[in-house]
Amino acid sequence: MKASSLFAWIAVLAALALLPVLPPPIGTPFHVELGAKVLIMAIFALSLQLLVGYTGLVSLGHAAFFGAAAYAVAMLTPQYEAGNGWLLLAAAMGCAALLALVIGLLVMRTRGIYFIMVTLAFGQLVYFVFHDVEVFGGSDGTYIYNKPAFTLAGRALVDLDQAAQFYWFTLAGLALTLAVLGLVLRSRLGHALVGIKHNEPRMRAAGYDTFAYKLGSFVIGGALAGLAGFLYAAQHGYVNPELVSWHQSGNALLMIILGGLGSLAGAVAGAFAFVLLAEWFQDLTKHWQLLMGGFIILAVAWMPDGLAGGFSRLRLPRRGRPGPAAAPATLNTPSSSPAHAASEQTT
C-alpha cells in the first residue's frame, strides 16, 4: 500500500470513529447502530472482493461462510451467561475458513459459469442444512441472549452491549480486514492472484500452482466473511437461514460491482452506498428494490469502474495525468502485472 493510500485510509477511519461522539441528529443511537451495520457489510464485501475483484472467482455461495460463522456464535454461546469473545471469534472464523476449505477443494477445478453455479449449489446446500435441522432452530432461527465478552486479565476490554463501543469494535475489525488484505495483495500471493485473474494458463505455464493459490484466496475470503458473520450475530443477537441464502451473496456481489471491482476502496464505498440507500428507499416505498435496481443500473452505466473508479477518474485531470488513454487507477491493486509475475518466475 502506498504511503498516500495509507494516510487516506487512516484519515477515513479516523473520521468514521467520530460518529458516536457527534451531536444529534447525527450521533444518535439509531445512526450508530446503522453505522455498525454498514461496517459489517463492508467487511463482508471486502472478503468477496478478494475472490471476485482480485482472483476472478465469481461466487454466489459466499454467504455460506458469513452465515456459518454467525451460527457458530449462536451454537457456542452459553444460554445464561456471556461467552468468551476471543474463543467465539476464533471459532466463528475457524468454522468459516474450514467450510471454505472443504467447499473450495470441491469447486476449484471448475471455471466460469460452472464455478458460479457450483458455488451457488453448495451455498444452497448449507442453507438447507441450517433451515431443516432442528438443532439450528429450523426456519425460525435461534437467539443469542448474551453478547460475547472480551476480557483480559479479568478486566473487560469492551462492552458490546454499548452501541458506541460495539461500533468502535466493528471499526477495528474493518481496519484489521483492510490491513490483512493490503498485506496479502502486496505479497507474492497477491501478485499471483492478479496474474491468475488475467491469464491463468500463462501462470500455470510459468510454474505457478494456480489451484493452491485460488484455494488460498477462497479460504482467506471465507475467514474474513466469518469475521463479518461474528459481528452480525453479536450485533443482532439473532440468526436465521436467510443469512446463508444466495440473496445475501448477491447483495455482497452488488456492493463490489457498485463500488468498483478490484479495489478495496470500491468494496467499502459500495457497501456504504448499498446499505444506506436500501435504508432510505425502504422508508420511501415498500417496492424499494425497484429504486435500488434502477440506481445500480444508472451507476454502472455512468461509472463502469464503480464509485471508486469514477472518483479516481475525476481526479486525473487535476493532477495533469493522461485522460481517456490512461488506465483507470484502482486503490491497493498489486503493482506487479501478470506478465511481470510470469517473467520473474521463468527467470
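What counts and what doesn't
Residues numbered from 1 in each chain as written. Predicted model: local features only at pLDDT ≥ 70, side-chain atom pairs only at ≥ 80, totals over all residues. Heavy atoms only, no water. Core = buried A, V, L, I, M, F, W, Y, C linked by side-chain atoms within 4.5 Å. Buried < 20%, exposed > 50% of the residue type's maximum accessible area, 1.4 Å probe, protein only. Helix = DSSP H or I, 4+ residues; strand = E, 2+ residues; numbered from the N terminus. Contact = heavy atoms within 4.5 Å. Expected span 1.5 Å × (residues − 1). Polar contact = N/O pair within 3.5 Å; in protein donor to acceptor, adjacent residues only side chain to side chain. Axes fitted to C-alpha atoms, helices over the stretch in contact; angles between N-to-C directions. Parallel < 35°, antiparallel > 145°, perpendicular 65-115°, else oblique. Left-handed = near helix turned anticlockwise from the far one by under 90°. Nonpolar A, V, L, I, M, F, W, Y, C, P; charged D, E, K, R; others polar. Salt bridge = Lys/Arg side-chain N within 4 Å of Asp/Glu carboxyl O. pLDDT = per-residue confidence, 0-100. Pairing = 2+ DSSP bridges.

### Things to note about the nonpolar core
If you look at the biggest cluster of nonpolar residues, it comprises 98 residues, and the most contacted ones within it are L174 and F218. If you tally residues by element for this core, the top one is helix α2 (residues 29-55), at 17 residues. In this view, F218 contacts L51, F65, A100, I103, G104, V107, M108 and F115; residues no more than four positions away in its chain are not counted.

### Describing helix α10 (residues 264-284)
Its 21 residues give α10 an end-to-end C-alpha distance of 31 Å, which sits within 8% of 30 Å, the value for a rise of 1.5 Å per residue. Among the residues of α10, the N-terminal cap falls to S263, whose side-chain oxygen and the backbone nitrogen of A265 are separated by 3.4 Å.

### Section: helix α8 (residues 210-236)
Spanning 27 residues, α8 covers 39 Å between terminal C-alpha atoms, matching the ideal 39 Å at 1.5 Å per step. Most of α8 is tucked away: 21 of the 27 residues are buried. Immediately beyond the C-terminal end of α8, within one or two residues, lies G237, with a positive phi of roughly 65°.

### Quick look at the packing of α2 against α10
Orientation of α2 relative to α10, taken along the N-to-C sense of each, is 135°, at an axis distance of 7 Å. In terms of axis orientation, α2 runs oblique to α10. In this structure, the crossing between α2 and α10 has a hand that is right-handed. Taking contact as the criterion, the partners of F30, L34, K37, V38, L39, M41, A42, A45, L46, Q49 and Y54 in α2 are, on α10, L264, G266, A267, V268, A271, F272, V275, L276 and E279. Partitioning the contact of α2 with α10 into residue classes produces 16 nonpolar, two polar and two charged.

### Brief notes about the pattern of salt bridges
Under the counting rule described, the total for this entry stands at three salt bridges. Across the pair E200 and R204 runs a salt bridge whose closest N-O atoms are separated by 3.2 Å. Highlighted residues: E200 and R204, both in helix α7 (residues 188-205), separated by four residues, approximately one helical turn. Note on E200: relative accessible area 11%, which makes it buried. As a salt-bridge pair, K214 and E200 come within 3.1 Å of each other at their nearest N and O atoms. Taken together, the residues K214 in helix α8 and E200 in helix α7 connect sequence positions 14 residues apart. Here the salt bridges share partners, and the residues they tie into one network are R111, E200, R204 and K214.

### Digging into the confidence of the model for the protein chain
Overall, the predicted model of the protein chain reaches an average pLDDT of 88, with 89% of residues at or above 70. Overall, residues 318-347 carries pLDDT values under 50, and its contacts beyond four positions in sequence, including any with other chains, amount to 43 contacts.

### Notes on the pairing of strand β3 (residues 155-158)
Pairing between strand β2 (residues 150-152) and β3: three bridges, direction antiparallel. When the bridges of β3 are listed, T151 appears paired with A156. Linking β2 to β3, which pair antiparallel, is a turn of two residues; within it A153 sits at a positive phi near 55°.

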